[in-house]
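Structure assessment
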Amino acid sequence: MATTKTDPKLAATRKNYEGLRHQQLIDAYRIMYTSRRIDDREIMLKRQQKIFFQISGAGHEAIGVAAGFALKAGYDWFYPYYRDRALCLALGATPYQMLLQAVGAADDPSSGGRQMPSHWSYPKLNIVTGSSPTGTQILQAVGCAEAGRYLSAHPDAVREVAGDYRQFKDVTFQQDEITYVSLGDGTTSEGEFWEAMNAVAIGRLPLIFVVEDNEYAISVPVEAQTAGGSISRLVTGFPGFHFEEVDGTDPVASYAAMVRCVMHCRARNGPAFVHAHVIRPYSHSLSDDERLYRPDTERQRDAQRDPISRTQMFLLREGILDEKGINRLEKQVEDELQEAVDRVLKAAPATPETVRRYIYSPNLDPTSAVFDTQPDSTAPEAFSPDGKKSATKTMADLINATLHDEMKRDERIIIFGEDVADCSREQYLQQKMVKGKGGVFKLTFGLQCEFGSDRVFNSPLAEASIVGRATGMATRGLKPVVEIQFFDYIWPAMMQLRNELPLIRWRSNNGFSAPCVIRVAIGGYLTGGAIYHSQCGESIFTHIPGLRVVFPSNALDAAGLLRTAIRCDDPVLFLEHKRLYRETFGRAVYPGPDYMIPFGKAKTVQAGTDLTVITYGAVVPRALQAAQKIEREQGVKVELIDLRCLNPFDWEAIAESVRKTNRVIVVYEDSLSWGYGAEIAARIADELFSDLDAPVRRVAAIDSFVAYQPILENAILPQTADLYRAMKELTEF
Ligand SMILES: Cc1ncc(C[n+]2csc(CCOP(=O)(O)OP(=O)(O)O)c2C)c(N)n1
Ligand SMILES: [Mg+2]
């Protein structure tokens, strides 16, 4: 660990100005001043109701410009937060571009009118789309840094390949690239910050954290936010970092600190951390009035450190610019800004026709015929880690085989998650001391041994980290196929799953995308799974635009849909029912290395004429049993439809069947109210009302959790007998 503290007075008077030439110092001031004046103009525009929100970078300009000078646009990668206006300007974004976002213009290059101002996204500069939740960018930055390192070691992986997602992304990397991420002092309280610190330290990644400490998070002062009041004190135990604590209102000292970090990271000595002390001369945002919680005395004290006046004084004192020179520079900035404002006020606003654009990939439609291939019975025996050959394989076997075949085909695929590796201590494997684990359900068994520890590895026990890092990697063009060990524990990743991964494309107006696969073991019927190993809850995720949700019920579908999930260009939540992993039901012969099933195509498990049952997952075999029984006993012919894919879902198949049978039951394992089937039932009632001879029925779990005692579990989850009863009642209606 190295720690450097800079005396700001010293830095400012040192004549070589830490290597900054006169012209660079003048440029730094120009950028800082421009940044401040954009904020001032936006504040005016907001008051005139010409823009709809404002948050400023005021007080943060010096560290921003310093970071922009020390790093390289379009070469290094940037995950800035909303106060980084000066950084973005230093990297090459223009005032006009920023103002286009403020007015919500069609030509807003960051988001096409979708995001608030200061939500930077400039693909050409490698400034990656940011959002409003504090801290979500940090884990994504970790994934970005990991991707850069992975690509350096696997340069062939960047190759464009026709026919899958790889055709549609320019993947680039630099051997000595660095990832930058910034955040406020308050944001260091987020768990994701600590997950990122841990992951970065473990990976010794070339990533620079910049904490811009303005001593406030809206109204909460740093001592009420951070134990001991100093984030520097808390983080110094993380190994391998280069640490800097610097006056972030001093551009020269900040530049020196940044340069030392850059040297550390470019040399691949590990990560760096800058604690920059800045000020917040304006309120948190235009929605906040800081006079309610900060007295004038405190605000005046801060004003003495204002980076704009301070840098102006510095230039005068050092004779780098005289008063005339300052005036000329400022006048130039004002004129340019005026011109930008005039232009931007004439810019056409984003139009309503565009709102559905880029929720999903515009390039590759996973419901299309491209993903419709036939099983190949002549294909050689699937990869079989246990060495056993058998004609039919379980869902677990075929998922494992599919992962294997896809990894062989596509070097961009990386697998990580909790326990997914065979063995993190590689030497045990090399010396054949252990066989390896490969996941708590063994779905990834053998993959680390086959493809190496940089392609299949264990992550820390941190679900947000798994999804956040995957998002960052996918943004760079890798294809992470990560595992959430149990659906019941997906919730720490919910912020990333709800607010980040599925939105990357839409919110950046197709500037960035993050197609990846999140495999999740889901569901009950386990006999003893209890509350925390039995949950469903798929409707929570089908409610998220931008996320594909798949839920296969048998081995063949799992193989075909997983391959589509991997090769498609959208983020996919791939739900694997634990009870089905090794079930006798639905075993299949290995369908070959190119077998795919398009999304949104249901399967008719059994054709019938009297009643339609719509379901998916582990209910499919139960519904089939009930259907066979009612046909045997009552001659009722049930048409059983397995949706297989929940978003998108096959409305045509549902409608066609209901038009034929005029009676329908929607069945799902999750608790009844507000479950996935509620939407299907509502749509049937809405669009097929005149085709119905009976009400739309739902059968599902009771509105409870799943209990441990099997007698209770049986009573809670929908059983074959419940289905049989509902079928009978509805037939007799
Ligand atoms: C997860 C989350 N919680 C709350 C908020 C509301 N919020 C926006 S900014 C902010 C304070 C951030 O403070 P800090 O990290 O110190 O950054 P600063 O604004 O001071 O630069 C809060 C609470 C949010 N955007 N995201
Ligand atoms: Mg703050």
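The following paragraphs examine the structure supplied in this document. (Residues numbered from 1 in each chain as written. Chains lettered and ligands numbered in written order. Predicted model: local features only at pLDDT ≥ 70, side-chain atom pairs only at ≥ 80, totals over all residues. Heavy atoms only, no water.)

1. Section: the site of ligand 1
Taken together, 18 residues lie near ligand 1, and Y81, Y82, R83, T187 and Y216 sit nearest. Taking Y81, its side chain carries an N or O atom lying 2.6 Å from an oxygen atom of ligand 1. Interatomic distance of 3.0 Å between a side-chain N/O atom of D185 and an oxygen atom of ligand 1. Notes on ligand 1: free accessible area 580 Å², of which the protein chains cover 75%. (Near = heavy atom within 4 Å. Polar contact = N/O pair within 3.5 Å; in protein donor to acceptor, adjacent residues only side chain to side chain. Areas by Shrake-Rupley, 256 points an atom, 1.4 Å probe, with all protein chains shown as cover.)

2. Comments concerning the pattern of salt bridges
By the definition in use, this model includes 48 salt bridges. Note that E61 and R36 form a salt bridge whose closest N and O atoms lie 2.6 Å from each other. In this pair, E61 is assigned in helix α3 (residues 61–70) and R36 in helix α2 (residues 22–47), connecting sequence segments 25 residues apart. R36 carries the same exposure label as E61, and that label is buried. With a shortest N-O distance of 3.2 Å, D569 and R505 are connected by a salt bridge. Of the two residues, D569 is situated in the loop between α21 (555–567) and β14 (572–577) and R505 in helix α19 (residues 504–507); the sequence distance between them amounts to 64 residues. (Salt bridge = Lys/Arg side-chain N within 4 Å of Asp/Glu carboxyl O. Helix = DSSP H or I, 4+ residues; strand = E, 2+ residues; numbered from the N terminus. Buried < 20%, exposed > 50% of the residue type's maximum accessible area, 1.4 Å probe, protein only.)

3. Quick word on a positive patch on the surface
A cluster of basic side chains, namely K435, K437, K442 and R582, defines a positive patch on the protein surface. The residue R582 is located in the loop between β14 and β15 (603–606) in this model. (Patch = residues over 30% accessible without salt bridge, like charges linked within 9 Å, V, L, I, M, F, W, Y side chains within 5 Å. Lys, Arg positive; Asp, Glu negative; His and termini not counted. Charge placed at Lys NZ, Arg CZ, Asp CG, Glu CD.)

4. Examining α3
Because the α-helix completes a turn every 3.6 residues, residues three or four places apart line up on one side. The buried count for α3 comes to 9 of 10 residues, which makes it a mostly enclosed element. Within α3, the full set of buried residues consists of E61, A62, I63, G64, V65, A66, A67, G68 and A70.

5. Some remarks on the side chain of E177
Its location among the elements puts E177 in the loop between α6 (136–153) and β3 (179–184). A relative accessible area of 3% means that E177 is categorised as buried. There is a polar contact of 2.7 Å between the side chain of E177 and the side chain of R476. Apart from the residues within four sequence positions on either side, E177 is in contact with Y75, D76, W77, C144, G148, P206, R266, R268 and R476. (Contact = heavy atoms within 4.5 Å.)

6. Thoughts on the sheet that holds strand β18 (residues 645–647)
Strand-to-strand pairing in sheets goes through backbone hydrogen bonds, with the strands running parallel or antiparallel. The strand order β10-β9-β11-β12-β14-β13-β18 describes an open sheet built from 7 strands, whose pairing is mixed. Here the strands that pair on one side only, and so sit at the sheet edges, are β10 (456–458) and β18. Neighbour-to-neighbour, the strand axes of the sheet open up by a mean angle of 20 degrees, direction not taken into account. Two elements, strand β11 (residues 479–484) and strand β12 (residues 517–522), share 4 bridges in a ladder whose sense is parallel. By the bridge assignment for β12, V482 is matched with I518. With respect to the sheet, α21 is in contact with β9 (413–417), β11, β12, β13 (548–550) and β14, its orientation differing from that of β14 by roughly 160 degrees. (Pairing = 2+ DSSP bridges. Axes fitted to C-alpha atoms, helices over the stretch in contact; angles between N-to-C directions.)

7. A look at the coordination of the magnesium ion (ligand 2)
Within the first shell, the magnesium ion (ligand 2) binds the protein through D185 (OD), N214 (OD1) and Y216 (O), at distances of 2.0 to 2.1 Å. Written as a sequence motif, the donor arrangement for the magnesium ion (ligand 2) is D-x28-N-x1-Y. You can see D185 sitting in the loop between β3 and α7 (191–203) and its partner N214 sitting in the loop between β4 (207–213) and β5 (216–217), a full 29 residues away along the chain. N214 shares its class with D185; the two are buried. (Donors = N, O, S within 2.8 Å, 3.2 Å for Na, K, Ca; no water.)

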